[in-house]
Amino acid sequence: MPTDSPAAVVPRALKLAAAVVAAEGLVLVVLGIAEAFTIQGSRLVLGLTTTVFFVLYGGGLAVVARGLSRASTWSRGPAVFAQLIQLLIAYSFWGGGTKGVAIALAVAAAGVLVGVFRKESTEALADNPEKDHPPVL
């Protein structure tokens, strides 16, 4: 009896949410690497901690995106939490010349939240101990 492949049971909305989270992770890793090239001796500790934070956060988002693309239950919480933080960051960019950044951040976060909370996504992410295994680091 054939069984559905994991890719066949992941709803399109969840796949799109995973793609946006992966893109966010990639952007953060690129920003972290760019920050590494601008480190100056007068702000060495700030530059290093910023670089490490961006790279680790971006890598974490990549792991969460992979979990979402596989409909792993554990990935829902971190994805929602990251998007709520992103909405707050978008709010902090509102006004002045950074309004476009605020809009882009808010639209991406809202899109992921909608994708994760759609009915079919919620059903795919339902807690099922037999199908779900936490990531091994």
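Up top you'll find the structure we're talking about.
Residues numbered from 1 in each chain as written. Predicted model: local features only at pLDDT ≥ 70, side-chain atom pairs only at ≥ 80, totals over all residues. Heavy atoms only, no water.

Digging into the packing of helix α2 (residues 12–37) against helix α5 (residues 99–117)
Step number 1: Between α2 and α5, whose axes approach to 8 Å, the crossing angle comes to 145°. Considering how the two elements wind past one another, α2 and α5 form a crossing that is left-handed. Contacts between α2 and α5 pair A13, L14, A17, V20, V21 and E24 from the former with A108, A109, V112, G115 and V116 from the latter.
Step number 2: Tallied by class, residues from the contact of α2 with α5 come to nine nonpolar, one polar and one charged. (Axes fitted to C-alpha atoms, helices over the stretch in contact; angles between N-to-C directions. Helix = DSSP H or I, 4+ residues; strand = E, 2+ residues; numbered from the N terminus. Left-handed = near helix turned anticlockwise from the far one by under 90°. Contact = heavy atoms within 4.5 Å. Nonpolar A, V, L, I, M, F, W, Y, C, P; charged D, E, K, R; others polar.)

What about the nonpolar core?
Step number 1: Of all hydrophobic cores here, the largest spans 19 residues; its most connected members are L14, V21, L68, A71, V116 and L125.
Step number 2: Counting residues per element, the ones that place at least two in this core are α2, α3 (44–69), α4 (76–93) and α5.
Step number 3: Among the elements that line this core, the one with the most residues is α2, at five residues. (Core = buried A, V, L, I, M, F, W, Y, C linked by side-chain atoms within 4.5 Å. Buried < 20%, exposed > 50% of the residue type's maximum accessible area, 1.4 Å probe, protein only.)

Brief notes about the environment of R70
Step number 1: Tracing the backbone shows R70 in the loop between α3 and α4.
Step number 2: Taking the C-alpha atoms as reference, R70 lies 6.6 Å from V10; in sequence the two are 60 residues apart.

Here's the deal with the pattern of salt bridges
Step number 1: Tallying each qualifying case throughout the model produces two salt bridges.
Step number 2: Where E35 meets R43, a salt bridge forms, and the shortest distance between an N and an O atom there is 3.0 Å.
Step number 3: In this structure R43 comes out as partly exposed when scored by relative accessible area, which is 26%.
Step number 4: A salt bridge links R118 to E120, with the nearest nitrogen and oxygen atoms 2.7 Å apart. (Salt bridge = Lys/Arg side-chain N within 4 Å of Asp/Glu carboxyl O.)

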